[in-house]
Amino acid sequence: MITAKLNNYRQSPRKVRLVASLISGKSVVDALAILPHVAKRSAKPLATLINSAVANAKHNFSLSSETLVVKEFRVDAGATMKRSMPRAHGSAYPIRKRTSHITLILAPKAEALPAPKKAEKVEKAVEKKVVAKKPAKAKAVTK
């Protein structure tokens with residue numbers, strides 16, 4: 001697994017997670033194709049983070065970007081800067097300037113594939129039983 005981190009990014013984690021959720025689970029090539037078209041401020045730093053992780057993979061593990069998948073994109077809350085805004089009658093309201101810690105984990109395609117879900121196994125078993133059953137005979141209705 002290849003990791004890259006971006007600490008103390010000056011945007012709220014809630015806003016960054018919107019973009020991160022779009023590209024988690026996708027291949028690196030697809031993710032880099034999607035990000036320029038996202039109309040959010042966090043798209044550009046996330047793209048540079050992906051490029052950094054790909055460079056780590058090439059340099060340290062000799063992996064190409066075509067074989068990599070975004071396994072996990074974790075956005076955690078960083079330090080919160082506390083400021084205040086003057087309000088009426090000499091009072092002050094708090095302003096919280098939030099930061100984000102972003103962690104990206106890339107994996108080769110073979111490792112990143114999820115195990116088949118239990119529901120899919122059940123659906124396949126049900127389909128086999130439906131195909132194996134003989135059609136029921138129509139009963140004659142008498143009055």
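Keep in mind it's a predicted model, so treat the numbers as computed, not measured.

Conventions we followed
- Residues numbered from 1 in each chain as written.
- Predicted model: local features only at pLDDT ≥ 70, side-chain atom pairs only at ≥ 80, totals over all residues.
- Heavy atoms only, no water.
- Pairing = 2+ DSSP bridges.
- Helix = DSSP H or I, 4+ residues; strand = E, 2+ residues; numbered from the N terminus.
- Axes fitted to C-alpha atoms, helices over the stretch in contact; angles between N-to-C directions.
- Core = buried A, V, L, I, M, F, W, Y, C linked by side-chain atoms within 4.5 Å.
- Buried < 20%, exposed > 50% of the residue type's maximum accessible area, 1.4 Å probe, protein only.
- Patch = residues over 30% accessible without salt bridge, like charges linked within 9 Å, V, L, I, M, F, W, Y side chains within 5 Å.
- Areas by Shrake-Rupley, 256 points an atom, 1.4 Å probe, with all protein chains shown as cover.
- Salt bridge = Lys/Arg side-chain N within 4 Å of Asp/Glu carboxyl O.
- Lys, Arg positive; Asp, Glu negative; His and termini not counted.
- Charge placed at Lys NZ, Arg CZ, Asp CG, Glu CD.

1. A closer look at the sheet that holds strand β1 (residues 2–9)
- If you walk across this open sheet you meet the three strands as β1-β5-β2, and the pairing is antiparallel. A single partner strand is all that each edge strand has here, and the edge strands are β1 and β2 (68–77). Pairwise comparison of adjacent strand axes, ignoring direction, gives a mean angle of 15° for this sheet.
- Here β2 pairs with strand β5 (residues 100–108) via nine bridges, running antiparallel. Looking across to β5, one finds that D76 is bridged to H101.

2. Observations concerning the nonpolar core
- Formed by 26 residues in total, the largest nonpolar core has its most connected members in L35, I50, F73, I102, L104 and L106.
- Contributing elements (two or more residues each) for this core: β1, α1 (13–23), α2 (28–34), α3 (43–61), β2 and β5.
- The greatest single-element share of this core, amounting to eight residues, is contributed by α3.

3. Considering a positive patch on the surface
- Together, R10, K15, K40, R41, R83 and K97 make up a positively charged patch on the protein surface.
- Tracing the backbone shows K97 in strand β4 (residues 92–97).
- K97 gets classed as partly exposed once you look at its relative accessible area, which sits at 31%.

4. Quick look at the pattern of salt bridges
- Overall, the coordinates contain two salt bridges when judged by the stated rule.
- Salt-bridge contacts for E72 lead to R74; the nearest nitrogen and oxygen are separated by 2.9 Å.
- What makes E72 partly exposed here is its relative accessible area of 31%.
- D76 is the partner of R74 in a salt bridge, and the nearest nitrogen-oxygen pair spans 3.5 Å.
- You can call D76 partly exposed: its relative accessible area is 32%.

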